[in-house]
Amino acid sequence: MFSKSKSALVFSCLLLSISVLQAQVKAKNGMVVSTSSVASDVGVDILKKGGNAIDAAVATAFALAVTHPSAGNIGGGGFLVYMTNQGDVTTFDFREKAPLKATDDMYLDEDGNLIRMENHLTIKAIGVPGTVAGLYKSHQKYGKLPWADLVQPAVDLAQNGFTMNWTLYGAAQRFREMDADSFMGQYFSNSNGEVTQPGENWKQEALGKTLAAIRDKGHDGFYKGEVAKKIADYMKENGGLISKQDLAKYEAIERTPLKGTYKDYEIYSMPPPSSGGVALLEMMNLMELADFEEIEFNSTAYVHLVAEAMRRAFADRAEHLGDPDFNPDMPIDRLISKEHAKQRFAEIDMEKASVSDSSKFGQLYDGESTTHFSVMDKDGNAVSLTYTLEFGYGSRLGSNELGFIFNNEMGDFNPVPGITTSRGQIGTKPNLIQPEKRMLSSMTPTIVAKDGKPYLVIGSPGGRTIINTVFQTVLNVLEFDMEIHKAIEVMKIHHQWLPDRIMYEKDLLSPDTRKALEGMGHTLIDRSRLGVLMGIRYDEENGVLVGASDSSSGEGKASGY
Ligand code: GLY
């Protein structure tokens, strides 16, 4: 259906060339799709050894912490959605927490103004990491193979090394040029202290030791004992807030997933402290009310409708969402109800752009360097996992003795209580800093079910663009019947209420459509790409898994067997 439009003909040709470039991968028994080919292969090896989707996810996540250090991590946090072939669904929340010593004005100067980048690129930007706790807890409950067997591949990759690639080398050079003596300046060094060259073997001995402690002692290998002591010492020496007590108190939380429907499909996604699931379900409910017999993919009407849905879901996100443990009265059921969608849909004028009310709230910026991977095992169980350090390479801080990078996730809190600026910084209460609170996230690991079984496993990095790229990819598969690789590659837009503008992928939206949208009152800005989606769809007709990694991920791979 999506290629029928005359106006979209030129762009269909473009899509065709993209699909030739980025083929989908088919496999009968199991699949892992991640942004690192090495990590995808680690996950598939675990599946081949009889591991289930949770086992493969744990092994892939630890491997990514070695091979994809810009976002793969043990120093950050994230979310995991798990669905069994029996239709049972659960989630694990291992989002970072504010340290006990954090306060809501910790990033302000004496005059109450936000100190530039204080909440993003200083030691006080580091939240209490959650990744190890989340992986351990999900494995304790649902894993099959021994824990140590799942961490060992990452230990091996760190201790024995792997081949330096051009992506990592580019980052290594930049960090070396910025400050050769800093933690990141030395991070990619070889044994001579020089930047490891592409094609050379790159070992991370300190990281290997930290991973070995996690292998041997599980959760406590990170949150107690030597590693915890070294983290707390590093914080103390450098003016950070995280203490041994913060680490000892950290627990991942198993949470009930959010569930919505789109026509005959069930959609499961992450509840708060992620805003992703709420916004995704709200937008899918809005789409269910649209007449897609009349609205063709990538037409003016399509972009307008999708942007207006995004504007509304992001307004609701900003007003209502935060950590559920600190905001027990969030109206989540209402926001994801079909009734709310009807009211919101009725507000949309199909001839004219709405105006975002900037007297309310928005958020200036959040990091776009997150990473997502999708897993399905031979029995049809699925894991959708997104985790992050916030910025690429997080806070860019770490201890040489520990070898991993700390997040800068505190930047995802609203930094200035009560103050909203025209650029869209928010000061609303649900997401203000409080000790032990989890900061609001946009990560949207999602599983769509058909007939009660996992059908589509999907997610992406990209800060707040995550919600919208996942939304459009789900819509592309469920409504426009696209194959997974096409659904991932085709044109995407992003609107986040404030600032009031549509971001679009610049080579994929026609000049005529752009002109028509501007005529309706939209402001447009271009981006080279949006999202780095990693997805698997179950093709029930042929009984195979079909996976694709976004072509914008240079090192990504759908690995199956
Ligand atoms: N750090 C990006 C997010 O959590 O949405």
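Residues numbered from 1 in each chain as written. Predicted model: local features only at pLDDT ≥ 70, side-chain atom pairs only at ≥ 80, totals over all residues. Heavy atoms only, no water.

Asks: Is there a simple way to think about the overall build of the protein in this case?
Replies: In terms of helices and strands, the protein carries 18 helices and 19 strands. Oriented by its inertia axes, the alpha-carbon framework of the protein measures out at about 60 × 60 × 45 Å. Counting across all 561 residues of the protein, residues that qualify as buried make up 63%. Put simply, 73% of the contacts in the protein that link residues at least 6 apart link residues at least 24 apart. Working note: accessible area of the protein is about 20,500 Å², and carbon and sulfur atoms make up 47% of it. With 57 positive and 73 negative side-chain charges, the protein shows a separation of 2 Å between the mean positions of the two kinds. (Helix = DSSP H or I, 4+ residues; strand = E, 2+ residues; numbered from the N terminus. Buried < 20%, exposed > 50% of the residue type's maximum accessible area, 1.4 Å probe, protein only. Contact = heavy atoms within 4.5 Å. Areas by Shrake-Rupley, 256 points an atom, 1.4 Å probe, with all protein chains shown as cover. Lys, Arg positive; Asp, Glu negative; His and termini not counted. Charge placed at Lys NZ, Arg CZ, Asp CG, Glu CD.)

Asks: Explanation requested: the sheet that holds strand β1 (residues 25-27) in the structure shown.
Replies: Ordered in space as β1-β18-β17-β13-β12-β9-β8, the 7 strands form an open sheet in which the pairing is antiparallel. Edge positions in the sheet fall to β1 and β8 (258-262), since each of these pairs with one other strand and no more. Put simply, the sheet's adjacent strands are angled 25° from each other on average, direction ignored. Packing against the sheet, helix α12 (residues 276-288) makes contact with β8, β9 (265-269) and β12 (446-450), and its axis sits at approximately 20° to β8. Running at roughly 135° to strand β13 (residues 453-458), helix α16 (residues 465-478) makes contact with β8, β9, β12, β13 and β17 (534-539) of the sheet. (Pairing = 2+ DSSP bridges. Axes fitted to C-alpha atoms, helices over the stretch in contact; angles between N-to-C directions.)

Asks: In this structure, what is going on with the site of the ligand? I would like to understand it.
Replies: If you check the shell around the ligand, you find 10 residues, and the closest are Arg 95, Glu 390, Glu 409, Ser 441 and Ser 442. Here a nitrogen atom of the ligand sits 2.6 Å away from a polar atom, N or O, in the side chain of Glu 409. One of the side-chain N or O atoms of Asp 412 is found 3.1 Å from a nitrogen atom in the ligand. Surface burial for the ligand is 100%, taken as the share of its 200 Å² of free accessible area covered by protein chains. Tallied by class, the residues present in the shell around the ligand amount to 1 nonpolar, 5 polar and 4 charged. (Near = heavy atom within 4 Å. Polar contact = N/O pair within 3.5 Å; in protein donor to acceptor, adjacent residues only side chain to side chain. Nonpolar A, V, L, I, M, F, W, Y, C, P; charged D, E, K, R; others polar.)

Asks: Would you mind going over the packing of aromatic side chains with me for this structure?
Replies: For any pair of aromatic rings, geometry is given as the distance between the ring centres together with the angle between the planes. This structure, assessed with the given rule, holds 23 aromatic pairs. A centroid spacing of 5.1 Å and a plane angle of 85° characterise the contact between Phe 175 and Tyr 393, whose relative ring orientation is edge-to-face. Taken together, the residues Phe 175 in helix α6 (residues 166-178) and Tyr 393 in the loop between β11 (382-388) and β12 connect sequence positions 218 residues apart. Between Phe 373 and Tyr 387 the ring centres are 6.4 Å apart and the planes differ by 85°, which places this aromatic pair in the edge-to-face class. Highlighted residues: Phe 373 in strand β10 (residues 370-376) and Tyr 387 in strand β11, separated in sequence by 14 residues. Exposure remark for Phe 373: the relative accessible area of 0% places this residue in the buried category. Judged by relative accessible area, Tyr 387 falls into the buried class, the value being 0%. (Phe/Tyr/Trp six-rings, centres within 6.5 Å; stacked < 30°, edge-to-face > 60°.)

Asks: Hey, could you run me through unusual backbone geometry in this one?
Replies: Trans peptide bonds make up the majority, and among non-glycine residues the majority have a negative phi. Cis peptide bonds are those with omega within 30 degrees of zero, and the linkage from Pro 272 to Pro 273 qualifies with 20°. Following the sequence through the fold, Pro 273 ends up in the loop between β9 and α12. Cis geometry marks the peptide bond from Leu 498 to Pro 499, where omega comes out at -5°. Along the chain, Pro 499 falls in the loop between β14 (493-494) and β15 (502-505).

Asks: Would you take a moment to explain the packing of helix α13 (residues 300-320) against helix α18 (residues 511-519) for this structure?
Replies: In helix packing, the relevant descriptors are the interaxial angle and the interaxial distance, both defined with respect to the helix axes. Taken N-terminus to C-terminus, the directions of α13 and α18 make an angle of 50°; their axes are 9 Å apart at the nearest point. Classified by the angle their axes make, α13 and α18 are oblique. Viewed along their axes, α13 and α18 form a crossing whose handedness is right-handed. Between α13, through Thr 300, Val 303 and His 304, and α18, the contact on the second element is made entirely by Thr 513, Ala 516 and Leu 517. For the contact of α13 with α18, the residue count by class is 3 nonpolar, 3 polar and no charged. (Parallel < 35°, antiparallel > 145°, perpendicular 65-115°, else oblique. Left-handed = near helix turned anticlockwise from the far one by under 90°.)

Asks: Help me understand the sheet that holds β15, please; the structure alone is not making it clear to me.
Replies: Across a sheet, strands are paired by hydrogen bonds formed along the backbone, either parallel or antiparallel in direction. As summarised here, the arrangement of the 3 strands in space is β14-β15-β16, forming an open sheet in which the pairing is mixed. The strands lining the two open edges of the sheet, one partner per strand, are β14 and β16 (524-527). Pairing between β14 and β15: 2 bridges, direction antiparallel. When the sheet's bridge partners are listed, Ile 493 is paired in β15 with Tyr 504.

Asks: So what exactly am I meant to see when it comes to the side chain of Ser 354 here?
Replies: Turning to its location among the elements, Ser 354 is positioned in the loop between α15 (338-346) and β10. Under the relative-accessibility criterion, Ser 354 is labelled buried at 18%. Reaching out from Ser 354, the side chain makes a polar contact with the side chain of Glu 308 at a distance of 2.9 Å. Once residues lying within four places of it in the same chain are set aside, the contact partners of Ser 354 are Glu 308, Arg 311, Arg 312 and Asp 500.

Asks: Sorry, what's going on with the confidence of the model for the protein here?
Replies: Do not read the fine detail of predicted coordinates wherever pLDDT is low. Per-residue confidence for the protein gives a mean pLDDT of 93; residues scoring 70 or more make up 93%. Ignoring residues within four places in sequence, the model shows residues 1-21, a span with pLDDT below 50, making 27 contacts including any to other chains. The low-confidence segment residues 361-365 (pLDDT under 50) makes 32 contacts with residues lying over four places distant or belonging to another chain. (pLDDT = per-residue confidence, 0-100.)

Asks: Can you help me understand the pairing of β9 in this one?
Replies: Two faces belong to every sheet, and in a regular strand the side chains alternate between them. The element β9 is extensively covered by neighbouring structure, given that 4 of its 5 residues are classed as buried. Alignment of β8 against β9, held across 5 bridges, turns out to be antiparallel. By the bridge assignment for β9, Tyr 262 is matched with Tyr 265. Between β8 and β9, which pair antiparallel in sequence order, lie 2 residues; one of them, Lys 263, sits at a positive phi of approximately 50°.

Asks: What is the right way to read the environment of Tyr 107 from this model?
Replies: Secondary-structure assignment places Tyr 107 in the loop between β4 (89-94) and α4 (131-142). For Tyr 107, a relative accessible area of 1% gives the class buried. Each C-alpha atom, one on Tyr 107 and one on Ser 191, is 39 Å from the other, the two residues being 84 residues apart in sequence. The contact partners of Tyr 107, leaving out residues within four places of it in the chain, are Asn 113, Leu 114, Ile 115, Glu 118, Asn 119, Lys 124, Ala 125, Met 410 and Ile 433. At 2.6 Å, the side chain of Tyr 107 and the backbone oxygen of Lys 124 are in polar contact.

Asks: Got a minute to help me understand the pattern of salt bridges in this structure?
Replies: If charged atoms from side chains of opposite charge come close, those side chains can pair. As enumerated under the stated definition, the model contains 30 salt bridges in all. The shortest N-O distance in the salt bridge between Arg 344 and Glu 347 comes to 2.9 Å. In this structure, Arg 537 and Glu 483 form a salt bridge, with 3.6 Å as the shortest nitrogen-oxygen distance. A residue pair is termed long-range when its members are at least 10 positions apart, and Arg 537 in strand β17 and Glu 483 in the loop between α16 and α17 (484-489) qualify at 54 residues. The class of Glu 483 is partly exposed, set by a relative accessible area of 33%. Shared partners join several salt bridges into a network, and the residues in it are Glu 308, Arg 311, Arg 312, Asp 316, Arg 344, Glu 347 and Asp 500. (Salt bridge = Lys/Arg side-chain N within 4 Å of Asp/Glu carboxyl O.)

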